[in-house]
2 protein chains.
Amino acid sequence: MSELPLIFAALSEPTRFAIVERLMAEGELPAGAFLDDFDISAPAISRHLNVLSNAGLVTKRVNRQQRLYSARPETIGVVSAWAMGHREFWENSLKRLELALQQEMERK
Amino acid sequence: MSELPLIFAALSEPTRFAIVERLMAEGELPAGAFLDDFDISAPAISRHLNVLSNAGLVTKRVNRQQRLYSARPETIGVVSAWAMGHREFWENSLKRLELALQQEMERK
DNA sequence: CCGTTAATTAACGCAACCGTTAAATTGCAA
DNA sequence: TTGCAATTTAACGGTTGCGTTAATTAACGG
């Protein structure tokens, strides 16, 4: 029984993906902080945050009128652990990918 | 422009996730190889393989009557690279997770 | 050729997903 | 208590996703 499909489902929605990225970069933020990032209503944001919470990707903390959300490192770690578990499968390809990127950088 | 949500969407479906896992473990397999793994029809399998192909997770090769599918290391590498790009965010948590797992193993 | 095997495409139904607006909840502040 | 601010819940509608069966394509084997 793997929770990965649930995690992937939560991250498959571009708005939710962006929310998680921002939370990882900036740390704890109130729900309202995402209203300016996307052209969707507050209820839509709220539901996205709830989906992320159900997948274990964020936690909620109440402070005064605000609901403060944070990304959960453990769950991002689960994704990482899955990828690392298949490292032998993709590592050669990734080396080539990194090399290509590096050469691309140097060429500029 | 990130292709990650598309990749995550493809992996969010348990059947597709299992298909990718098997292809990574066993290498190239014909479409029919997955018929016994799940309780769904051949057309359903075919559509799942097409979704995986559109996300860049598998490639198709024709040989006689068979369509042989393989997992694409580069795309798994993209997921890995994303997780590694946020390593500083989750690494401490992952260490604790590994430690807990290790202690769990030793306790048995 | 003919029948079988392997797989896909077509057509359809149902459930889930994601958006909206309106209403409800909760805390704060005048 | 009145009202505002922050967020969620309720109710509804359109689109997408995933399954089915039936039909089609393509290649092989007698």
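Bear in mind that the values here come from a model prediction, so they are computed numbers and not experimental data. Here, residues in each chain are numbered from 1, in the same order as that chain's written sequence. For naming, the first written chain is A and the first written ligand is 1, with later ones following in the order written. Only residues with pLDDT of 70 or above have their local features reported here, since the model is predicted, and side-chain atom pairs are shown and tallied only from 80 upward, although totals for entire chains, interfaces and linings are computed over all residues. For side-chain calculations, the full set of non-hydrogen atoms in the structure is used, while hydrogens and water are omitted.

Draft legend 1. Expanded view of the overall build of chain A. Across its full length, chain A carries 5 helices and 3 strands. The reference for a compact globule is 2.2 Å times residues^0.38; the radius of gyration itself is calculated from the C-alpha atoms. Taking 108 residues into account, the globule formula puts the C-alpha radius of gyration at 13 Å, and chain A, at 17 Å, lies well above it. Along the three orthogonal principal directions, the C-alpha set of chain A runs to about 50 × 45 × 20 Å. Residue burial considers only the protein chains on display, and all accessible areas are found by Shrake-Rupley using a 1.4 Å probe. Surface summary for chain A: the accessible area is close to 6,500 Å², and the carbon and sulfur share equals 50%. Between the averaged position of the 13 positive side-chain charges in chain A and that of its 14 negative side-chain charges there is a distance of 5 Å. Helix and strand definitions here come from DSSP, where helices need a minimum of 4 consecutive H or I residues and strands a minimum of 2 consecutive E residues; each element is numbered from the N-terminal end. For this count, His and the chain ends are skipped, Lys and Arg are scored as positive, and Asp and Glu as negative. Every charge is mapped onto a representative atom, which is NZ of Lys, CZ of Arg, CG of Asp or CD of Glu.

Draft legend 2. Representation of the packing of helix α1 (residues 4–11) of chain B against helix α4 (residues 73–85) of chain B. Residues and elements named next belong to chain B. Think of each axis as a best-fit line through the C-alpha atoms, taken over the contacting stretch in the case of a helix, with angles from 0 to 180 degrees between the N-to-C directions. Put simply, α1 and α4 touch, their axes get as near as 11 Å, and they point 110° apart. Relative to α4, α1 is oriented roughly perpendicular. The handedness of the crossing between α1 and α4 comes out as left-handed. Contacts from Leu 4, Ile 7 and Phe 8 in α1 reach Thr 75, Val 78, Val 79 and Trp 82 in α4. Partitioning the contact of α1 with α4 into residue classes produces 6 nonpolar, 1 polar and no charged. Roughly parallel means an angle under 35 degrees; roughly antiparallel, over 145; roughly perpendicular, 65 to 115; everything else is oblique. Take the far helix as the reference: if the near one is turned anticlockwise from it by less than a right angle, the crossing is left-handed, and if turned clockwise, right-handed. Whether two residues are in contact is decided by their heavy atoms, any of which lying within 4.5 Å being enough. Note that Gly is not counted as nonpolar here; it falls among the polar residues with everything else outside the nonpolar set of Ala, Val, Leu, Ile, Met, Phe, Trp, Tyr, Cys and Pro and the charged set of Asp, Glu, Lys and Arg.

Draft legend 3. Region of interest: the packing of helix α2 (residues 14–26) of chain A against helix α3 (residues 42–54) of chain A. All names here are of chain A. For the pair α2 and α3, the least separation of the axes is 10 Å and the interaxial angle reads 70°. Between α2 and α3, the interaxial angle falls into the category roughly perpendicular. Contacts between α2 and α3 involve Thr 15, Arg 16, Ile 19 and Val 20 from the former and His 48, Leu 49, Val 51 and Leu 52 from the latter. Looking at the contact of α2 with α3 residue by residue, the class counts come to 5 nonpolar, 2 polar and 1 charged.

Draft legend 4. Looking closely at the environment of Leu 6 of chain A. Locating Leu 6 of chain A in the fold gives a position in helix α1 (residues 4–11). Distance in space between the C-alpha atoms of Leu 6 of chain A and Gly 56 of chain A is 9.1 Å, their sequence separation being 50 residues.

Draft legend 5. Highlighting the sheet that holds strand β2 (residues 58–63) of chain A. Residue and element names in this part refer to chain A. Strand order across the open sheet formed by 3 strands is β1-β3-β2, with antiparallel pairing between neighbours. Each edge of the open sheet carries a strand with a single partner, namely β1 (29–30) and β2. A pair of strands is labelled paired if DSSP reports no fewer than 2 bridges between them. Where β2 meets strand β3 (residues 66–71), 6 bridges bridge the pair, whose relative direction is antiparallel. Counted as the bridge partner of Arg 61 is Leu 68 from β3.

Draft legend 6. Quick peek at the interface of chain B and chain A. Counting residues at the interface gives 28 residues for chain B, matched by 28 residues for chain A. When two parts are brought into contact, each loses some accessible area as probed by a 1.4 Å sphere; the total of that loss over both is the buried area. Here chain B meets chain A over a buried area of about 2,700 Å², counting both sides, of which 81% is carbon and sulfur. In what follows, salt bridge is the name for a side-chain nitrogen of Lys or Arg lying within 4 Å of a carboxyl oxygen of Asp or Glu. There are 0 salt bridges connecting chain B and chain A. With 9 residues, the single largest contributor to the side of chain B that touches chain A is α4 of chain B. Of the residues contributing to the side of chain B that touches chain A, the split by class is 19 nonpolar, 6 polar and 3 charged.

Bear in mind that shape data such as this cannot, by itself, settle questions of function.
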